[in-house]
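Listed below, chain by chain, are the residues.
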Amino acid sequence: MTKKSPSTISKLWSCSAVLAVLLIWQLMTGSGMIDAFLLPSPLQVGKTLITEFPILMEHSVITLSEAFVGLVLGILLGFFMAVIMDRFTFLYQALYPLVVLTQTIPTVAIAPLLVLWFGYEMMPKVILIIITTFFPITVGLLTGFRSADPDAVSLLQAMGAGQKQIFFYIKLPEAMDPFFSGLRISASYAVVGAVISEWLGGFGGLGVYMTRVKKAFSFDKMFAVIFLISFISLLLMHGVEFLQKLCMPWKQNPAGK
Amino acid sequence: MSVLRVDRITKSFDQETVIEDISLELNKGELVSLLGVSGGGKTTLFHVIAGLSRPDQGRILLNNVDITGRPGQVSYMLQKDLLLPYRTIEDNVALPLLIQGMKKKDARKRVSGYFSQFGLEGTQKKYPAQLSGGMKQRAALLRTYLFSEQVALLDEPFSALDMLTKSAIHDWYLQVMEQIQLSTLFVTHDIDEAILLSDRVCLLTGKPGHITREIRIEEPRPRGKDFPLSRRFLEYKQQILSHLESQCSETISVS
């Protein structure tokens, strides 16, 4: 028998847990314990997902482009905030509470206002996504910048390095790890943020599709789109992990001699 | 001719004088040790020499040019190797050249010539985490050397290594120093290390710390493995110990 690595075993466990939930769900709905119109069975949802696929793809493109634009702008804003807050202590003291405050605003409450101010097009959606995604980025980067070893910083200073060089040689690479942790969170926030803002007004996108099928009481379609959104979020998170591996080659087999 | 001159340096923190009236001269190719108890102000003195902090009084001269409070002139190396984990050894070593404005390609080329001399062949593309403690210190020393071929300040560079690695790196260090003739100011609290490596040993004692004695180690170079076992070595050690004991009534934490 070949030995399995711990990560393979843990994957085995998590996969079987998901399968078990789906199985129980299938048994409960399939046997008629729960009425099919209240909760469709996983198999039913799967079938719907296949028949609805072309329409879902059209809506996905809209949602994903909103999420992408919002996320990119959110990263840029988050990066900018982190850099200036790290560089100037007074800005850190002034802005940090404000940045935290933006995270206490309930997204669902502000989304309709954004629609009133900016209309039904892409703009209000992108703004909402920026507000939700920049925060994990800013906090991640700031933590990283501040975790730089002061001895390493003074060594570079002794070598004659300026602020800019210290930033690029130490602070930025030091912040890569927390940055990607933040980005993983932000990427899934971006999709959820896009869907929520589509609920409250728009012409297309997965959120608009959701409100339509809800009004039609098509619960199978509702679940199909929920499955799809989860799948997209997972895919994005893996994409971020892949990007992280590319950007941080020093994290590969660190113990190998 | 003196490369580095430390001229009557006094420095205090929060009203407390840490080092007082320290004068030192370092000649070309010479290795001078500063030996003293931990917390005796050795690191403070190094920060002043490296230009990271300004002294209250006194000057630092490099080749007769005043460099007091000006970083970027002399390099230093600490007990921690401070190799950046996200750069390959090659790029870590090239860092001082990059900071001085050399192009990455040129810096790598320049650096590669030194790898075999420093016993680092084959580590160019590795990351620090993949190297042993002794190898990391060698890489850090090469980086220090590339920063300034004139003066290196080494602050307990080998004290975190285990005894066998330390002894091996001493042999290696003496060999490399024969070749590159780097003028070195070496801080340590290890008496054996000071005697083995130095041309002169300065004893830093008291509070505030000042230099109370200087001992010349006359042993010719290259120094062999049997030197630490010789009678002459023990006599130097005796001399140093009795001086330190006469100076410090408190417990001495020398190893």
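On a predicted model such as this, the values are computed, not experimentally measured, just so you know. Counting restarts for each chain, with residues numbered from 1 along the sequence as it is written. Numbering of ligands from 1 and lettering of chains from A proceed in the order in which they are written. Predicted model: local features are reported for residues with pLDDT of at least 70 only, side-chain atom pairs are reported and counted for 80 or more only, and whole-chain, interface and lining totals are derived from all residues. Computation of side-chain values covers all heavy atoms of the structure but excludes hydrogens and water.

A short note on helix α9 (residues 176-199) of chain A
In DSSP terms, a helix is any run of H or I states spanning at least four residues, a strand is any run of E spanning at least two, and both are numbered starting from the N terminus. One less than the number of residues in a helix, times 1.5 Å, gives the span that helix is expected to have. A rise of 1.5 Å per residue sets the reference length of α9 of chain A, with its 24 residues, at 34 Å; its end C-alpha atoms lie 34 Å apart and thus fit the reference within 8%. Of the residues flanking the end of α9 of chain A, it is Gly-201 of chain A, one or two places downstream, whose phi is positive at about 145°.

Describing the pairing of strand β8 (residues 183-188) of chain B
Where a strand is regular, its side chains alternate between the two sheet faces. Residue and element names in this part refer to chain B. Burial classes: relative accessible area under 20% of the type maximum marks a residue as buried, over 50% as exposed, and values in between as partly exposed (1.4 Å probe, protein chains only). Among the 6 residues of β8, 6 are classified as buried, and the element is accordingly described as predominantly covered. Burial of the side chains of β8 extends over both faces: Ser-183, Leu-185 and Val-187 are buried on one face and Thr-184, Phe-186 and Thr-188 on the other. In this analysis, strands are considered paired if DSSP registers two or more bridges between them. In this structure, strand β3 (residues 31-36) lies alongside β8, joined through 5 bridges in parallel fashion. What sits directly across from Leu-34, in β8, is Val-187. Bridge analysis of strand β7 (residues 151-155) against β8 gives 5 bridges, and the strand direction is parallel. Residue pairing across strands places Val-151 opposite Ser-183, the latter belonging to β8. For the crossover from β7 across helix α6 (residues 163-180) to β8, the handedness is right-handed. A clockwise path from the first strand over the helix to the second, with the strands pointing away from the viewer, defines a right-handed crossover.

Observations concerning the side chain of Asp-199 of chain B
Along the chain, Asp-199 of chain B turns up in the loop between α7 (191-197) and β9 (200-205). Any two residues whose heavy atoms approach within 4.5 Å at even a single point are treated as in contact. Ignoring anything within four residues of it in the chain, the contact list for Asp-199 of chain B reads Gly-29, Glu-30, Leu-31, Ile-215, Arg-216, Ile-217, Arg-221 and Arg-223 of chain B.

Remarks on the confidence of the model for chain B
All names here are of chain B. Averaged over every residue, the pLDDT of chain B is 87; residues scoring 70 or more account for 97%. pLDDT runs from 0 to 100 and stands for how confident the predictor is about each residue. Confidence scores differ between elements of chain B, with strand β6 (residues 75-77) showing the lowest mean pLDDT of 83 and helix α2 (residues 89-93) the highest of 93. Every residue in residues 251-255 is under pLDDT 50, and counting partners more than four places away or in other chains gives 11 contacts.

Focus on the environment of Asp-106 of chain B
Within the fold, Asp-106 of chain B resides in helix α4 (residues 104-112). It is 41 Å that separates the C-alpha atoms of Asp-106 of chain B and Ile-19 of chain B, two residues lying 87 residues apart in sequence.

Looking at the side chain of Ser-41 of chain A
Among the secondary structure elements, Ser-41 of chain A is positioned in the loop between α1 (6-30) and α2 (42-51). Filtering out sequence-adjacent residues up to four positions away, Ser-41 of chain A remains in contact with Trp-25, Gln-26 and Thr-29 of chain A.

Looking at the domain arrangement of chain B
Residues and elements named next belong to chain B. Domain segmentation is taken from an automatic or database assignment of domains. Splitting chain B by domain gives domain 1 (1-74 + 148-226) and domain 2 (81-143). Here the C-alpha centroids of domain 1 and domain 2 sit 24 Å apart. If you look at the interface, domain 1 gives 11 residues, while domain 2 gives 10 residues. For salt bridges, the criterion is a side-chain nitrogen of Lys or Arg within 4 Å of an Asp or Glu carboxyl oxygen. There are 1 salt bridge connecting domain 1 and domain 2. Between Glu-149 and Arg-110 there is a salt bridge, with the nearest N and O atoms lying 2.7 Å from each other.

Concerning the sheet that holds strand β1 (residues 2-13) of chain B
All names here are of chain B. What the 4 strands build is an open sheet, ordered β2-β1-β4-β5; its pairing is antiparallel. Strand pairing shows two members of the sheet lacking a second neighbour, β2 (16-27) and β5 (65-66), which therefore form its edges. Looking at chain direction, strand β4 (residues 57-62) and β5 are connected through 2 bridges and run antiparallel. Bridging from a neighbouring strand, Leu-62 pairs with Val-65 of β5. Axes here mean lines fitted to C-alpha atoms, for a helix over just the part in contact, with angles spanning 0 to 180 degrees between N-to-C directions. Packing of helix α1 (residues 42-49) onto the sheet brings it into contact with β1, β2 and β4, and relative to β1 it is tilted by some 120°.

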